[in-house]
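Chain by chain, the residues:
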Amino acid sequence: MEPARSVAEARQIQERLRERLVFRPPRGFKPRVVAGADVAFDKARNLAFAAVVLIELDSLETVETATAALPISFPYVPGYLSFRELPALVAAWESLRQRPDVAVLDAHGYAHPRRMGLACHAGLEFGLPAIGCAKSILCGEVGELAEERGARAPLVDPKSGEELGWALRTRDRVRPVYLSVGHLIDLPTAAELILRLAPGGRYRFPETTRRADRLAAEYKSGG
DNA sequence: GCGACAG
DNA sequence: ATCTTGTCGC
(Lines give C-alpha, C1' and ligand atoms only; values in the text may rest on other atoms or scores of the structure.)
Protein backbone atom coordinates (compact mmCIF):
# COMPACT_ATOMS: atom_id res chain seq x y z
CA MET A 1 0.00 0.00 0.00
CA GLU A 2 1.25 3.44 -0.90
CA PRO A 3 1.86 5.37 2.35
CA ALA A 4 0.78 8.98 2.86
CA ARG A 5 2.75 11.55 4.84
CA SER A 6 -0.12 13.99 5.19
CA VAL A 7 -3.88 14.22 4.86
CA ALA A 8 -3.47 16.24 1.65
CA GLU A 9 -1.33 13.48 0.19
CA ALA A 10 -3.78 10.81 1.36
CA ARG A 11 -6.61 12.66 -0.35
CA GLN A 12 -4.74 12.72 -3.65
CA ILE A 13 -4.11 8.99 -3.39
CA GLN A 14 -7.83 8.36 -2.77
CA GLU A 15 -8.87 10.50 -5.73
CA ARG A 16 -6.45 8.66 -7.97
CA LEU A 17 -7.43 5.15 -6.80
CA ARG A 18 -11.18 5.65 -6.99
CA GLU A 19 -10.97 5.54 -10.77
CA ARG A 20 -10.09 1.86 -10.56
CA LEU A 21 -13.15 0.74 -8.61
CA VAL A 22 -15.57 -1.74 -10.17
CA PHE A 23 -19.09 -2.07 -8.76
CA ARG A 24 -20.21 -5.42 -10.07
CA PRO A 25 -19.28 -8.94 -8.98
CA PRO A 26 -16.99 -11.20 -11.05
CA ARG A 27 -18.67 -13.47 -13.62
CA GLY A 28 -20.46 -16.35 -11.92
CA PHE A 29 -19.62 -15.00 -8.46
CA LYS A 30 -20.27 -17.85 -6.01
CA PRO A 31 -18.30 -17.11 -2.81
CA ARG A 32 -17.22 -20.10 -0.74
CA VAL A 33 -14.66 -18.58 1.63
CA VAL A 34 -15.21 -15.13 3.15
CA ALA A 35 -12.58 -13.04 4.94
CA GLY A 36 -13.24 -10.86 7.97
CA ALA A 37 -10.61 -8.24 8.88
CA ASP A 38 -10.12 -5.89 11.79
CA VAL A 39 -7.41 -3.97 13.66
CA ALA A 40 -6.87 -3.29 17.38
CA PHE A 41 -4.64 -0.45 18.59
CA ASP A 42 -2.27 0.02 21.51
CA LYS A 43 -1.44 3.68 21.90
CA ALA A 44 1.18 3.09 24.63
CA ARG A 45 3.20 0.69 22.48
CA ASN A 46 2.28 2.54 19.26
CA LEU A 47 1.26 -0.73 17.63
CA ALA A 48 -1.56 -1.80 15.33
CA PHE A 49 -2.60 -5.46 15.62
CA ALA A 50 -4.34 -6.75 12.52
CA ALA A 51 -6.34 -9.95 12.26
CA VAL A 52 -7.87 -11.75 9.29
CA VAL A 53 -10.28 -14.66 9.71
CA LEU A 54 -11.34 -16.93 6.85
CA ILE A 55 -14.82 -18.42 7.16
CA GLU A 56 -16.39 -21.08 4.97
CA LEU A 57 -19.78 -19.65 3.97
CA ASP A 58 -21.74 -22.92 3.98
CA SER A 59 -20.69 -24.12 7.44
CA LEU A 60 -19.59 -20.80 8.95
CA GLU A 61 -16.51 -22.66 10.19
CA THR A 62 -13.27 -20.71 10.59
CA VAL A 63 -10.81 -22.34 8.17
CA GLU A 64 -7.77 -20.11 8.60
CA THR A 65 -6.54 -17.07 10.53
CA ALA A 66 -3.62 -14.66 10.18
CA THR A 67 -2.26 -11.77 12.25
CA ALA A 68 0.41 -9.06 11.96
CA ALA A 69 1.57 -6.15 14.13
CA LEU A 70 3.01 -2.91 12.73
CA PRO A 71 3.84 0.50 14.23
CA ILE A 72 0.98 3.01 13.95
CA SER A 73 1.98 5.30 11.10
CA PHE A 74 -1.03 7.57 10.58
CA PRO A 75 -3.48 9.27 12.99
CA TYR A 76 -7.20 8.64 13.01
CA VAL A 77 -8.77 11.26 10.77
CA PRO A 78 -12.39 10.71 9.67
CA GLY A 79 -12.32 9.92 5.96
CA TYR A 80 -8.76 8.58 6.02
CA LEU A 81 -9.11 5.35 7.97
CA SER A 82 -7.30 3.33 5.27
CA PHE A 83 -4.00 5.00 5.96
CA ARG A 84 -4.19 4.01 9.62
CA GLU A 85 -5.54 0.45 9.34
CA LEU A 86 -4.63 -0.93 5.94
CA PRO A 87 -0.83 -1.31 6.32
CA ALA A 88 -1.20 -3.82 9.17
CA LEU A 89 -4.12 -5.49 7.43
CA VAL A 90 -2.06 -6.01 4.27
CA ALA A 91 0.75 -7.54 6.33
CA ALA A 92 -1.63 -10.07 7.86
CA TRP A 93 -3.29 -10.67 4.51
CA GLU A 94 0.03 -11.57 2.87
CA SER A 95 0.67 -14.38 5.34
CA LEU A 96 -2.57 -16.16 4.33
CA ARG A 97 -2.03 -19.49 2.59
CA GLN A 98 -5.52 -19.57 1.12
CA ARG A 99 -7.16 -16.90 -1.07
CA PRO A 100 -10.71 -16.03 0.05
CA ASP A 101 -13.42 -15.10 -2.47
CA VAL A 102 -14.54 -11.86 -0.82
CA ALA A 103 -13.61 -9.68 2.17
CA VAL A 104 -15.87 -7.93 4.70
CA LEU A 105 -14.43 -4.81 6.32
CA ASP A 106 -15.56 -3.18 9.54
CA ALA A 107 -15.88 0.23 7.83
CA HIS A 108 -17.50 2.03 4.90
CA GLY A 109 -16.69 1.54 1.26
CA TYR A 110 -18.46 3.80 -1.25
CA ALA A 111 -20.40 5.56 1.55
CA HIS A 112 -17.48 7.92 2.03
CA PRO A 113 -16.93 11.68 1.38
CA ARG A 114 -14.83 10.88 -1.70
CA ARG A 115 -16.45 7.47 -2.37
CA MET A 116 -13.22 5.75 -1.39
CA GLY A 117 -13.60 4.25 2.10
CA LEU A 118 -11.44 1.52 3.62
CA ALA A 119 -13.48 -1.26 2.02
CA CYS A 120 -12.77 0.20 -1.44
CA HIS A 121 -9.09 0.67 -0.69
CA ALA A 122 -8.79 -2.85 0.73
CA GLY A 123 -10.57 -4.36 -2.26
CA LEU A 124 -8.12 -2.71 -4.65
CA GLU A 125 -5.15 -3.66 -2.47
CA PHE A 126 -6.22 -7.30 -2.19
CA GLY A 127 -7.48 -7.50 -5.76
CA LEU A 128 -10.69 -9.09 -4.47
CA PRO A 129 -14.39 -8.28 -4.02
CA ALA A 130 -14.78 -6.26 -0.80
CA ILE A 131 -17.77 -5.12 1.26
CA GLY A 132 -18.04 -2.28 3.77
CA CYS A 133 -20.14 -3.13 6.82
CA ALA A 134 -20.03 -0.25 9.34
CA LYS A 135 -21.55 0.28 12.78
CA SER A 136 -22.39 3.94 12.24
CA ILE A 137 -22.69 6.53 9.50
CA LEU A 138 -19.75 8.57 8.20
CA CYS A 139 -21.77 10.59 5.70
CA GLY A 140 -25.24 10.44 4.19
CA GLU A 141 -28.74 10.04 5.63
CA VAL A 142 -31.18 7.16 5.97
CA GLY A 143 -34.94 7.22 6.27
CA GLU A 144 -37.02 4.93 8.45
CA LEU A 145 -36.69 1.21 7.92
CA ALA A 146 -38.89 -1.65 9.10
CA GLU A 147 -38.11 -3.25 12.46
CA GLU A 148 -37.67 -6.75 11.09
CA ARG A 149 -34.40 -8.50 10.25
CA GLY A 150 -33.73 -8.19 6.53
CA ALA A 151 -35.27 -4.71 6.26
CA ARG A 152 -33.23 -2.18 4.31
CA ALA A 153 -33.34 1.54 3.55
CA PRO A 154 -31.11 3.56 1.23
CA LEU A 155 -28.25 5.64 2.64
CA VAL A 156 -28.26 8.74 0.46
CA ASP A 157 -26.16 11.84 -0.05
CA PRO A 158 -28.57 14.70 0.83
CA LYS A 159 -26.77 17.04 -1.55
CA SER A 160 -27.00 14.95 -4.69
CA GLY A 161 -29.58 12.34 -3.82
CA GLU A 162 -27.09 9.67 -4.82
CA GLU A 163 -27.46 6.26 -3.17
CA LEU A 164 -24.30 5.56 -1.16
CA GLY A 165 -25.29 2.29 0.46
CA TRP A 166 -27.98 0.66 2.59
CA ALA A 167 -28.94 0.52 6.24
CA LEU A 168 -29.54 -3.21 6.76
CA ARG A 169 -31.31 -4.72 9.78
CA THR A 170 -29.61 -7.98 10.79
CA ARG A 171 -31.74 -8.47 13.97
CA ASP A 172 -35.34 -7.59 14.76
CA ARG A 173 -35.63 -4.20 16.46
CA VAL A 174 -31.87 -3.70 16.75
CA ARG A 175 -29.88 -0.86 15.18
CA PRO A 176 -28.96 -1.66 11.57
CA VAL A 177 -25.49 -2.02 10.07
CA TYR A 178 -24.50 0.29 7.23
CA LEU A 179 -23.60 -1.48 4.05
CA SER A 180 -21.76 -0.11 1.05
CA VAL A 181 -19.84 -1.58 -1.84
CA GLY A 182 -16.08 -1.67 -1.68
CA HIS A 183 -14.90 -3.20 -4.95
CA LEU A 184 -16.05 -5.91 -7.39
CA ILE A 185 -19.48 -6.21 -5.74
CA ASP A 186 -22.97 -4.68 -5.82
CA LEU A 187 -25.36 -3.90 -2.95
CA PRO A 188 -27.88 -6.74 -3.43
CA THR A 189 -25.08 -9.32 -3.52
CA ALA A 190 -23.40 -7.72 -0.50
CA ALA A 191 -26.62 -7.65 1.52
CA GLU A 192 -27.38 -11.30 0.80
CA LEU A 193 -23.89 -12.24 1.95
CA ILE A 194 -24.07 -10.22 5.17
CA LEU A 195 -27.39 -11.80 6.10
CA ARG A 196 -25.92 -15.26 5.55
CA LEU A 197 -23.03 -14.31 7.83
CA ALA A 198 -25.44 -13.13 10.56
CA PRO A 199 -27.85 -16.10 10.63
CA GLY A 200 -30.92 -16.34 12.76
CA GLY A 201 -30.75 -12.68 13.65
CA ARG A 202 -28.76 -13.74 16.72
CA TYR A 203 -26.11 -11.05 16.48
CA ARG A 204 -26.06 -7.57 15.04
CA PHE A 205 -22.75 -8.05 13.23
CA PRO A 206 -21.71 -10.71 10.74
CA GLU A 207 -19.47 -13.54 11.96
CA THR A 208 -16.59 -12.17 9.89
CA THR A 209 -16.32 -8.96 11.88
CA ARG A 210 -17.16 -10.62 15.20
CA ARG A 211 -14.37 -13.17 14.85
CA ALA A 212 -11.83 -10.78 13.35
CA ASP A 213 -12.54 -8.27 16.11
CA ARG A 214 -12.08 -10.90 18.82
CA LEU A 215 -8.89 -12.29 17.27
CA ALA A 216 -7.36 -8.80 16.97
CA ALA A 217 -8.17 -8.08 20.62
CA GLU A 218 -6.67 -11.39 21.78
CA TYR A 219 -3.59 -10.88 19.65
CA LYS A 220 -3.11 -7.39 21.10
CA SER A 221 -3.26 -8.64 24.68
CA GLY A 222 -0.85 -11.48 23.97
CA GLY A 223 -2.38 -14.69 22.85
C1' DG B 1 -17.68 30.52 11.21
C1' DC B 2 -20.32 26.22 13.09
C1' DG B 3 -21.32 21.27 13.33
C1' DA B 4 -20.30 16.36 11.74
C1' DC B 5 -17.07 13.00 11.89
C1' DA B 6 -15.95 4.93 9.81
C1' DG B 7 -12.40 3.16 13.69
C1' DA C 1 -10.42 2.73 18.49
C1' DT C 2 -9.90 2.82 23.88
C1' DC C 3 -10.86 3.53 29.12
C1' DT C 4 -14.17 -0.38 32.10
C1' DT C 5 -18.50 -3.54 36.19
C1' DG C 6 -22.38 -4.15 36.72
C1' DT C 7 -26.78 -4.24 35.09
C1' DC C 8 -31.46 -3.86 32.59
C1' DG C 9 -34.02 -6.56 29.20
C1' DC C 10 -35.53 -10.35 25.94
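Before any of the text, the structure's been laid out above.
Residues numbered from 1 in each chain as written. Chains lettered and ligands numbered in written order. Predicted model: local features only at pLDDT ≥ 70, side-chain atom pairs only at ≥ 80, totals over all residues. Heavy atoms only, no water.

For any pair of aromatic rings, the description rests on two quantities: the centre-to-centre distance and the angle between the ring planes. Under the criterion given, the structure shown has four aromatic pairs. Here Phe-23 and Tyr-110 contribute two aromatic rings whose centre-to-centre distance is 5.2 Å and whose plane-to-plane angle is 75 degrees, an arrangement assigned as edge-to-face. One end of the pair, Phe-23, is in the loop between α1 (7–17) and β1 (33–42); the other, Tyr-110, is in the loop between β4 (102–105) and α3 (118–126), and 87 residues separate them in sequence. With relative accessibility at 16%, the residue Tyr-110 sits in the buried group. (Phe/Tyr/Trp six-rings, centres within 6.5 Å; stacked < 30°, edge-to-face > 60°. Helix = DSSP H or I, 4+ residues; strand = E, 2+ residues; numbered from the N terminus. Buried < 20%, exposed > 50% of the residue type's maximum accessible area, 1.4 Å probe, protein only.)

Time to look at the environment of Asp-157. Mapped onto the secondary structure, Asp-157 falls in the loop between β7 (152–156) and β8 (163–168). Spatially, the C-alpha atoms of Asp-157 and Arg-32 are 33 Å apart, while their sequence positions differ by 125 residues. When residues no more than four places from it in sequence are discounted, the contact partners of Asp-157 are Arg-115, Glu-162 and Leu-164. (Contact = heavy atoms within 4.5 Å.)

This part takes up the sheet that holds β1. Read from one edge to the other, the open sheet built from nine strands follows the order β3-β2-β1-β4-β5-β9-β8-β7-β6, with strand pairing classed as mixed. This sheet does not close on itself; its edge strands, each paired only once, are β3 (61–71) and β6 (141–142). As judged from the two bridges shared by β6 and β7, these two strands associate in the antiparallel manner. Residue pairing for β7: Glu-141 is matched across the bridge by Val-156. Against the sheet, α3 makes contact with β4, β5 (130–134) and β9 (177–183), and its axis sits at roughly 35 degrees relative to β9, the strand it touches most. (Pairing = 2+ DSSP bridges. Axes fitted to C-alpha atoms, helices over the stretch in contact; angles between N-to-C directions.)

Bringing the layout of surface pockets into the picture now. In this structure, the largest pocket occupies an estimated 320 Å³ of space. Every residue lining the largest pocket is counted, 20 residues in all, and those nearest its centre are Tyr-76, Leu-81, Ala-107, His-108 and Leu-138. Split into classes, the residues belonging to the lining of the largest pocket amount to 10 nonpolar, seven polar and three charged. (1 Å grid on protein atoms, 1.4 Å probe; cavity = no way out; pocket = protein on both sides within 12 Å on 5 of 7 lines; lining within 4 Å. Points joined across faces, edges and corners; volume = space filled by probe spheres on them. Nonpolar A, V, L, I, M, F, W, Y, C, P; charged D, E, K, R; others polar.)

That's the geometry; what it means functionally is another story.
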